[in-house]
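Observations on the model geometry
What follows is the residue order along each chain.
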Amino acid sequence: KAGVTQTPRYLIKTRGQQVTLSCSPISGHRSVSWYQQTPGQGLQFLFEYFSETQRNKGNFPGRFSGRQFSNSRSEMNVSTLELGDSALYLCASSFILRQGFRINEQFFGPGTRLTVL
Amino acid sequence: DQQVKQNSPSLSVQEGRISILNCDYTNSMFDYFLWYKKYPAEGPTFLISISSIKDKNEDGRFTVFLNKSAKHLSLHIVPSQPGDSAVYFCAASVGTGANSKLTFGKGITLSVRP
C-alpha cells in the first residue's frame, strides 16, 4: 500500500506570493491533517479535513487555508507569504472507523520544504 | 502556551546503553499519548502509544512510562542503537475519537554514538 505523498517536495517563493501544497493520503484514509514544522516551534497543527469538511483548526492566521476533495486528496494554500512561513509542511492521514474512532496513529508524508525569500 | 513540553532539545548516549527521553504536559484533559520518530527528509513515523488507563506500555526495545499525577511521560530505549539516532516527538490528545487532534512537543534530537 502506497504511503502518504506530498507534492512538491521543495518550493522556493518570495514574500507576498501565494503557494499551494498537495497531499494524497493512504488509500482508504479519509482524514487528512496538516502540520507546520519549524526548528523553534516543533510540529504545530494547522487543520484537519474529513469528508471534505474542515473538522479541526489550529491557531494560524487566515492566510493559511485548505480543502479536501471527494477522493480525500487535500490541498493547503498560504497567501501573502511571509519570511516566517518558511518551514516543513507535513501532511498526515488516518483511518476513521465507522464507529467514529480513530486508529491510534497518523501516517505522515515526507513533507514539503517551503522557503520564502 | 506549549501544552506538550520536551525541555531537553538533545540527548547523546553510547550504543548499548539506555536512552531516556522525557516529556511533560500541562493539559490535564490529555488522556492519550504517542511518540513519533523522525529521520531527516522523512515524515514522522509512529513509534508507541499509551492510554491514560495504563502507566506502562512496552514494544520490543521501546517502553513508554506515564505518570499522570506528575503529568510526565518518558520513552525508554534499551539497548540504544545507532539507527535510533533521530528526532523524537511526544504527542498528546484528548481521546482518540474522530474529532481528536494531536498536540506535539518540539522534539528531542537523539544521537547514539557507536
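One structure accompanies this document, and this report is about it. Bear in mind the structure is a predicted one, so any value in this text is a computation, not a measurement.

The partner chain A presents 23 residues to the 22 residues of chain B that form the contact. Summed over both partners, the interface of chain B with chain A buries about 1,800 Å², with 53% contributed by carbon and sulfur atoms. At the junction of chain B with chain A, the criterion picks out three residue pairs in polar contact (both at pLDDT 80 or more). Contributions of two or more residues to the side of chain B that touches chain A are made by β4 (32-38) and β5 (45-51) of chain B. It is β4 of chain B that provides the largest number of residues to the side of chain B that touches chain A, a total of four residues.

Residues and elements named next belong to chain A. For strand β4 (residues 31-38), the buried fraction is high: eight of the eight residues fall into the buried class. Both faces of β4 are covered, namely the face carrying Ser31, Ser33, Tyr35 and Gln37 and the face carrying Val32, Trp34, Gln36 and Thr38. As paired elements, β4 and strand β5 (residues 42-50) share eight bridges and run antiparallel to each other. The partner of tryptophan 34 across the bridge, within β5, is phenylalanine 47. Taking the residues that link successive antiparallel strands as the turn, the β4-β5 hairpin has three residues. Inspection of the sheet shows β4 paired to strand β9 (residues 87-94) by seven bridges, in the antiparallel sense. Residue pairing across strands places glutamine 37 opposite leucine 88, the latter belonging to β9.

Positionally, lysine 38 of chain B belongs in strand β4. An unpaired buried charge is present at lysine 38 of chain B: no salt bridge exists, and glutamate 42 of chain B, the closest side chain of opposite charge, is 8.0 Å distant. A distance of 3.0 Å separates a polar side-chain atom of lysine 38 of chain B from the backbone oxygen of glutamate 42 of chain B. Once you skip the residues sitting within four places of it in the chain, lysine 38 of chain B turns out to touch Gln37 and Leu88 of chain A together with Gly43, Pro44, Ala86, Val87 and Phe89 of chain B.

Let us look at the sheet that holds strand β1 (residues 5-7) of chain A. Residue and element names in this part refer to chain A. Taken in spatial order, the four strands make up an open sheet running β1-β3-β8-β7, and their pairing is antiparallel. Every other strand in the sheet has two partners, leaving β1 and β7 (64-68) as the edge strands with one partner each. Strand-to-strand twist across the sheet, computed as the mean angle between neighbouring axes with direction ignored, equals 20°. Note: β1 against strand β3 (residues 19-24), three bridges, orientation antiparallel.

This next bit is on the packing of aromatic side chains. Residue and element names in this part refer to chain B. A full pass over the atoms with the stated rule returns twelve aromatic pairs over all chains. Considering the side-chain rings of tyrosine 36 and phenylalanine 46, the 6.0 Å spacing of their centres and the 75° angle between planes classify their relative orientation as edge-to-face. Taken together, the positions of tyrosine 36 in strand β4 and phenylalanine 46 in strand β5 put the pair ten residues apart, joining distant regions of the chain. Given the relative accessible area of 26%, phenylalanine 46 is considered partly exposed. Aromatic pair phenylalanine 89 and phenylalanine 104: ring centres 6.4 Å apart, planes at 85°, arrangement edge-to-face. Remark: phenylalanine 104 occurs in strand β10 (residues 103-104) and phenylalanine 89 occurs in strand β9 (residues 86-93); sequence separation between them is 15 residues. The burial state of phenylalanine 89 is the same as that of phenylalanine 104; both residues are buried.

So, on to the state of the cysteines. For the structure on display, the rule yields two disulfides over all chains. Each sulfur in the disulfide pair cysteine 23 of chain A and cysteine 91 of chain A lies 1.7 Å from the other. Taking the sign of the torsion about the S-S bond as the criterion, the disulfide between cysteine 23 of chain A and cysteine 91 of chain A, at about -50°, is left-handed. With cysteine 23 of chain A in strand β3 and cysteine 91 of chain A in strand β9, this pair connects stretches of sequence that are 68 residues apart. For cysteine 23 of chain A, a relative accessible area of 0% corresponds to the buried category. For cysteine 91 of chain A, a relative accessible area of 0% translates into the label buried. Here cysteine 23 of chain B engages in a disulfide with cysteine 90 of chain B; their sulfurs sit 2.1 Å apart.

Quick notes on the rules
- Residue positions are given per chain, counted from 1 along the sequence in the order it is written.
- Each chain is given a letter, starting from A, and each ligand a number, starting from 1, according to the order in which they appear as written.
- Confidence filtering applies because this is a predicted model: local features only for residues at pLDDT of at least 70, side-chain atom pairs given and counted only at 80 or more, and all residues used for totals across whole chains, interfaces and linings.
- For the side-chain quantities, the full set of heavy atoms in the structure was used; hydrogens and water were omitted.
- Contacts between residues were defined by any pair of non-hydrogen atoms, one from each residue, lying within 4.5 Å.
- What gets called buried area is simply the loss in accessible area from a 1.4 Å probe that two parts show on being joined, summed for both.
- We call two N or O atoms a polar contact when they sit within 3.5 Å, provided that within protein one can donate a hydrogen and the other can accept it, with sequence-adjacent residues counted only if both atoms are side-chain atoms.
- In this text, helices come from DSSP runs of H or I with a minimum length of four residues, and strands from runs of E with a minimum of two, each type numbered from the N-terminal end.
- Only protein chains enter the accessibility calculation, which uses a 1.4 Å probe. A residue is then buried if its area is under 20% of the maximum for its type, exposed if over 50%, and partly exposed in between.
- Pairing between two strands is assigned when DSSP locates at least 2 bridges connecting them.
- The sign given to each residue is positive for Lys and Arg and negative for Asp and Glu; His and the chain ends receive no count.
- When a carboxyl oxygen of Asp or Glu is within 4 Å of a side-chain nitrogen of Lys or Arg, the pair counts as a salt bridge.
- Axis definition: a line fitted to C-alpha atoms, limited for helices to the stretch in contact. Angles are taken between N-to-C directions and run from 0 to 180 degrees.
- Side-chain rings of Phe, Tyr and Trp (the six-membered ring for Trp) are treated as a pair once their centres are within 6.5 Å; stacked means planes under 30 degrees apart, edge-to-face means over 60, and tilted covers the remaining angles.
- Only a pair of cysteine sulfur atoms within 2.5 Å counts as a disulfide in this structure description.

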